[in-house]
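A look at the structure
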Amino acid sequence: MVLHMLLYEWKRTLKRPTLFLFVIIFPIVLLLVTGLAIYSLAKEEVDQIDILVLDEDETFETTTLIDQLESDETINEHVNFIRGDQPQSIDYYLNSNARYAAIVHVPAGFTADLRSGINREIDVYLNENIAISSSLAHMLLESGQNYISAAQSGVNTVNQLYIKSLDDPDERRSFVQQMTVHFTLLTLGRNNFFELDESLESNMLSWVQQVYLSGTTVLLFLTYLLFVMMFQQKNDAVIVKRWSLIQVTPLKRIFTMFFHHFSFSVIYLLALSIILHFLFNIPFNFFVLIQWFLLAAILHGIYIFCYSLFKNQSLSLSLFFIVSSFFLLLSGFLIPPIYLTNVPELMTLFHDGFKQLLLTGDAPIILWGVLFVAVVLIIFLSSLFYQRGKLQ
């Protein structure tokens, strides 16, 4: 009985091929247009990041440090370090109309404190009006502070163990200067300024992997939302009565709806994975595909449960949109979990499953079992509310 009803649903869907193609193509076009607009805006803003450096210390060591950062081949194509004029104060540049992504203020006495073992802070002012550029500048400078701290540690060690024992003040001063330059260049020059594989070492997805997850999730969600809007049955109360006359139980009806939606998602995700593999060289991983199928099943379960609660179809669609949006947002699919600091770890389990697959290749079997049981429970629970909600 369920198979016959499923075939009937597919025949009803394919009777309108133009609408079916619109459901598939429109989200892709929408995502591409939005992505290109965001990319153009971001590219224009970060094409050249201007960072002003106001060096009030003006010592050989600070000049060497800035020169080393400017000459780093990893960043010199995108970052422009501008030297501030010494007569001008930091307030002058903070109140100016120049579009600096960040202002780095090296206070007077910084080198003297460094030589004596005091970790003096360098003030960094970010420009909130150009959020993308300032965020990249913040990431750059945050990475740089690790190198500065390493240089400070080296100088402090040599100062404590050897330099303090020297009797000649000029010799001590010269030796400290040499060690400061030595450890600064050593820490800055031992590897690239950015560690490109750092996300793998810290058990985090790369930006490319996160964009893949977010983009595919948005496509799946928008396509499914359009699918249920365009191919939802009309006059549901009449249809439920007709099914009841031929002894079609609410459970069979719910199973039919679920398999209709799930089979559509399976075909769509399979085709999308093949296209991404050939066009963008994204590896085709069967385990990752299973994870996508389970995400689709969870979305179908949420919709069917909302659909079974309310007689009003617009209300059930609205509730589905709200619940699913919050679920995808808090699960880390739309925003990386690293930025969701106050979200319980239970909410990001689905994202963690993708992370385990993409980073290690190990299948999250336990998670799959839990999700399968959750989908089955949602289907049975929906069948309890279905007939009452539609016949009231």
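My aim in this report is to walk through the structure given alongside it, one point at a time. Just so it is clear, the model here is predicted, and its values are computed rather than measured. (Residues numbered from 1 in each chain as written. Predicted model: local features only at pLDDT ≥ 70, side-chain atom pairs only at ≥ 80, totals over all residues. Heavy atoms only, no water.)

1. Regarding the packing of helix 9 (residues 207–230) against helix 11 (residues 250–280)
Helices that pack against each other are described as a pair by the angle of their axes relative to one another and the distance between those axes. Packing of helix 9 against helix 11 brings their axes to within 11 Å, and their N-to-C directions diverge by 145°. As for the relative orientation of helix 9 and helix 11, their crossing is right-handed in sense. Packed against helix 9, whose contacting residues are Tyr212, Thr216, Leu219, Leu220, Thr223, Tyr224, Phe227 and Val228, the element helix 11 presents His260, His261, Phe264, Ser265, Tyr268, Leu269, Leu272 and Leu276 at the interface. Split into classes, the residues belonging to the contact of helix 9 with helix 11 amount to eleven nonpolar, five polar and no charged. (Axes fitted to C-alpha atoms, helices over the stretch in contact; angles between N-to-C directions. Helix = DSSP H or I, 4+ residues; strand = E, 2+ residues; numbered from the N terminus. Left-handed = near helix turned anticlockwise from the far one by under 90°. Contact = heavy atoms within 4.5 Å. Nonpolar A, V, L, I, M, F, W, Y, C, P; charged D, E, K, R; others polar.)

2. Digging into the environment of Ala108
Positionally, Ala108 belongs in the loop between strand 3 (102–106) and helix 5 (110–116). Among the residues examined, Ala108 registers a relative accessible area of 46% and is labelled partly exposed. Residues Ala108 and Glu58, spaced 50 residues apart in sequence, show a C-alpha to C-alpha distance of 7.8 Å. (Buried < 20%, exposed > 50% of the residue type's maximum accessible area, 1.4 Å probe, protein only.)

3. Some words on a nonpolar patch on the surface
Together, Trp207, Leu329, Leu334, Ile335, Ile338 and Tyr339 make up an exposed nonpolar region whose accessible area comes to about 590 Å². Mapped onto the elements of the fold, Tyr339 is located in the loop between helix 13 (313–330) and helix 14 (349–360). A relative accessible area of 52% places Tyr339 in the exposed class. (Patch = residues over 30% accessible without salt bridge, like charges linked within 9 Å, V, L, I, M, F, W, Y side chains within 5 Å. Areas by Shrake-Rupley, 256 points an atom, 1.4 Å probe, with all protein chains shown as cover. Salt bridge = Lys/Arg side-chain N within 4 Å of Asp/Glu carboxyl O.)

4. What about helix 14?
Look at helix 14: 16 Å from first C-alpha to last across twelve residues, which is about the 16 Å you get at 1.5 Å a residue. When we look at burial in helix 14, the residues that qualify are Phe350, His351, Gly353, Phe354, Lys355 and Leu357. Looking one or two residues beyond helix 14, the residue adopting positive phi is Gly361, at roughly 85°. (Expected span 1.5 Å × (residues − 1).)

5. Digging into the pattern of salt bridges
What the rule picks out here adds up to three salt bridges. Across the pair Lys355 and Asp352 runs a salt bridge, and its minimum N-O distance is 3.8 Å. With a gap of three residues between them, Lys355 and Asp352 both fall in helix 14, about one helical turn apart. Here the salt bridges share partners, and the residues they tie into one network are Glu9, Arg12 and Arg253.

6. Let's talk about the nonpolar core
If you look at the biggest cluster of nonpolar residues, it comprises 53 residues, and the most contacted ones within it are Phe227, Trp292, Leu295, Tyr303, Phe320, Phe327 and Phe350. The biggest single contributor to this core is helix 12 (residues 286–309), with 15 residues. The residues contacting Phe350, other than those within four sequence positions of it, are Gln291, Leu294, Leu295, Ile298, Phe327, Phe333, Leu367 and Leu371. Among the nonpolar cores identified, the runner-up in size contains eleven residues, and Ile49, Ile51, Phe81 and Phe110 belong to it. (Core = buried A, V, L, I, M, F, W, Y, C linked by side-chain atoms within 4.5 Å.)

7. Examining the environment of Gln313
By secondary structure assignment, the location of Gln313 is in helix 13. The class of Gln313 is buried, set by a relative accessible area of 17%. Through-space distance from the C-alpha of Gln313 to that of Gln232 is 8.6 Å; in sequence the pair is 81 residues apart.

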